[in-house]
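So the chains spell out like this:
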Amino acid sequence: MDTTYFGRNFGVMVFQNTDGQYLYWRFVKYETIAGYIEGINHLKNQGISIKGIVCDGRRGLFNALGAYPVQMCQFHQIAIVNRYITRRPKLPASVELKNIVQLLPKTDKESFWGALGEWFNKWESYISKRAINPETGKSRYVHKRLRSAYKSLERNKQHLFTWYDNMEVGLPNTNNQLEGTFTDLKNKLRNHNGMSRRRKERFINGFFKASALGIIK
C-alpha cells in the first residue's frame with residue numbers, strides 16, 4: 001500500500017496484492033495512518049485475508065499495523081538515508097554508509113546487519129562527537145545528519161527484513177510494483193494537461209478499473 005500525489009491536497013491511496021491486482025483505492029488530501037487502517041478494514045470486510053503488508057516508514061504506521069507482518073519498502077529506507085547524507089556524500093564515513101545501504105535490497109539479513117555493525121564499530125566515536133554552541137552554551141552532535149541516517153536504520157530495523165523472516169508469506173521487499181504503477185499513471189496524465197481535478201479523478205478511476213479488468217497492462 002502507498003500514496004502518490006497529483007497536486008496540492010490531491011492524492012490517491014492504493015492497495016494492491018502481490019499478483020498486481022488493485023484491491024482498493026481512494027482519493028485523499030493527506031497520507032494518514034487512519035486512511036490506511038480504513039482501507040485495511042475495507043478489505044477485511046470484503047473477505048480478503050491479509051497475510052502481510054509492504055509500506056513506507058511513515059511514523060506510527062508500524063505500531064498501527066502490529067497485527068500483521070509488515071515489511072518496510074527497502075527503497076524508501078535508502079531514500080531516507082540519502083536525504084540525510086545526500087546522494088554524493090564526501091565524508092568517508094558517509095560514503096561507506098551509503099555503499100552499505102545500497103546493498104539493502106541485494107543481500108540477506110545477516111550480511112547487511114553484519115556490515116552495518118562493522119561500520120558502527122568503526123565510526124561510533126565519530127558520529128557521537130559533540131560540540132558546544134558558543135552562543136547558546138548547548139551541546140550538539142557535530143555530524144548530526146550522518147548520525148540521523150544511521151539511527152533511521154536502527155529505528156526501522158525490525159521491519160526491514162520481514163520478507164526474509166517470513167518467506168512463507170511471499171512478501172516482496174519493496175513496493176516498486178506500485179511505484180511503477182504511479183509512474184505509468186502520471187505519464188498518461190501528462191498527455192492530458194489542463195484537465196480539471198474532477199476529470200483527473202475520473203481518469204484515475206478509469207485507469208485502475210481498466211487495469212483491474214486486465215485492459216491496461
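Residues numbered from 1 in each chain as written. Predicted model: local features only at pLDDT ≥ 70, side-chain atom pairs only at ≥ 80, totals over all residues. Heavy atoms only, no water.

1. So, the layout of surface pockets
- In this structure, the largest pocket encloses a volume near 590 Å³.
- In this structure, the largest pocket is lined by 24 residues; those nearest its centre are Gln16, Asn17, Thr18, Leu23 and Gly52.
- Every element with two or more residues in the lining of the largest pocket is listed here: β2 (10–16), α1 (33–45), β4 (53–55) and α8 (176–190).
- Of the residues belonging to the lining of the largest pocket, the class tally is 13 nonpolar, 10 polar and 1 charged.
- Of the volumes computed, that of the second largest pocket is approximately 370 Å³.
- Surrounding the second largest pocket, 14 residues form its lining, Gly57, Arg58, Arg59, Arg155 and Asn156 being those nearest its centre.
- Among the residues making up the lining of the second largest pocket, the classes are represented as 4 nonpolar, 6 polar and 4 charged. (1 Å grid on protein atoms, 1.4 Å probe; cavity = no way out; pocket = protein on both sides within 12 Å on 5 of 7 lines; lining within 4 Å. Points joined across faces, edges and corners; volume = space filled by probe spheres on them. Helix = DSSP H or I, 4+ residues; strand = E, 2+ residues; numbered from the N terminus. Nonpolar A, V, L, I, M, F, W, Y, C, P; charged D, E, K, R; others polar.)

2. What to know about the pattern of salt bridges
- Enumeration according to the criterion identifies 6 salt bridges in this entry.
- Put simply, Glu96 and Lys122 hold a salt bridge, and the shortest N to O gap is 2.8 Å. Of this pair, Glu96 sits in helix α4 (residues 92–101) while Lys122 sits in helix α5 (residues 109–127); the two residues are 26 residues apart in sequence, bridging distant segments of the chain.
- Between Lys109 and Asp165 there is a salt bridge, with its nearest N and O atoms 3.0 Å apart. (Salt bridge = Lys/Arg side-chain N within 4 Å of Asp/Glu carboxyl O.)

3. Let's talk about the packing of aromatic side chains
- In total, this model carries 15 aromatic pairs according to the counting rule given.
- Centre to centre, the rings of Phe6 and Phe10 are 5.6 Å apart; their planes meet at 45°, and the pair counts as tilted.
- Here the aromatic cluster, defined as three or more aromatic residues joined through ring pairs, consists of Phe112, Trp113, Phe161, Trp163 and Tyr164. (Phe/Tyr/Trp six-rings, centres within 6.5 Å; stacked < 30°, edge-to-face > 60°.)

4. Some remarks on the environment of Thr183
- With respect to the element layout, Thr183 can be found in helix α8.
- Using a relative accessible area of 45% as the deciding quantity, one classes Thr183 as partly exposed.
- Placed 179 residues apart in sequence, Thr183 and Thr4 show a C-alpha to C-alpha distance of 9.6 Å. (Buried < 20%, exposed > 50% of the residue type's maximum accessible area, 1.4 Å probe, protein only.)

5. Focus: the sheet that holds strand β1 (residues 2–7)
- Read from one edge to the other, the open sheet built from 3 strands follows the order β1-β2-β3, with strand pairing classed as antiparallel. Each of the sheet's edge strands pairs with one partner strand only, and the pair in question is β1 and β3 (22–28). Each neighbouring strand pair of the sheet contributes to a mean axis angle of 20°, computed without reference to strand direction. (Pairing = 2+ DSSP bridges. Axes fitted to C-alpha atoms, helices over the stretch in contact; angles between N-to-C directions.)

6. Quick look at the environment of Lys138
- With respect to the helices, strands and loops of the structure, Lys138 is situated in the loop between β6 (130–132) and β7 (139–141).
- Apart from the residues within four sequence positions on either side, Lys138 is in contact with Ala131, Ile132 and Asn133. (Contact = heavy atoms within 4.5 Å.)

7. Looking at the packing of α4 against α5
- Here α4 crosses α5 at 170°, and the two axes come no closer than 10 Å. Classified by the angle between their axes, α4 and α5 sit roughly antiparallel to one another. For the pair α4 and α5, contact is made by Pro92, Ala93, Glu96, Leu97, Ile100 and Val101 and by Phe112, Ala115, Leu116, Trp119, Lys122, Trp123 and Tyr126, respectively.
- Here the residues of the contact of α4 with α5 sort into 11 nonpolar, no polar and 2 charged. (Parallel < 35°, antiparallel > 145°, perpendicular 65-115°, else oblique.)

8. Considerations on the nonpolar core
- Residues Met1, Leu97 and Trp119 are the most contacted members of the largest nonpolar core, which totals 37 residues.
- When residues of this core are assigned to their parent elements, the largest contribution, 6 residues, is made by α5.
- When near neighbours in sequence (up to four residues on either side) are disregarded, Leu97 contacts Val81, Leu116, Trp119, Leu146, Ala149, Tyr150 and Leu153.
- Within the second largest apolar cluster, 14 residues are counted, among which are Leu178, Leu189, Ile204 and Phe207. (Core = buried A, V, L, I, M, F, W, Y, C linked by side-chain atoms within 4.5 Å.)

9. Observations concerning the pairing of β3
- The sheet contact formed by β2 and β3 spans 6 bridges and is antiparallel. What sits directly across from Val14, in β3, is Trp25.
- Here β2 folds back onto β3 in antiparallel fashion, the turn holding 5 residues, of which Gly20 has a positive phi close to 90°.

What is shown is where atoms sit, not what they do.
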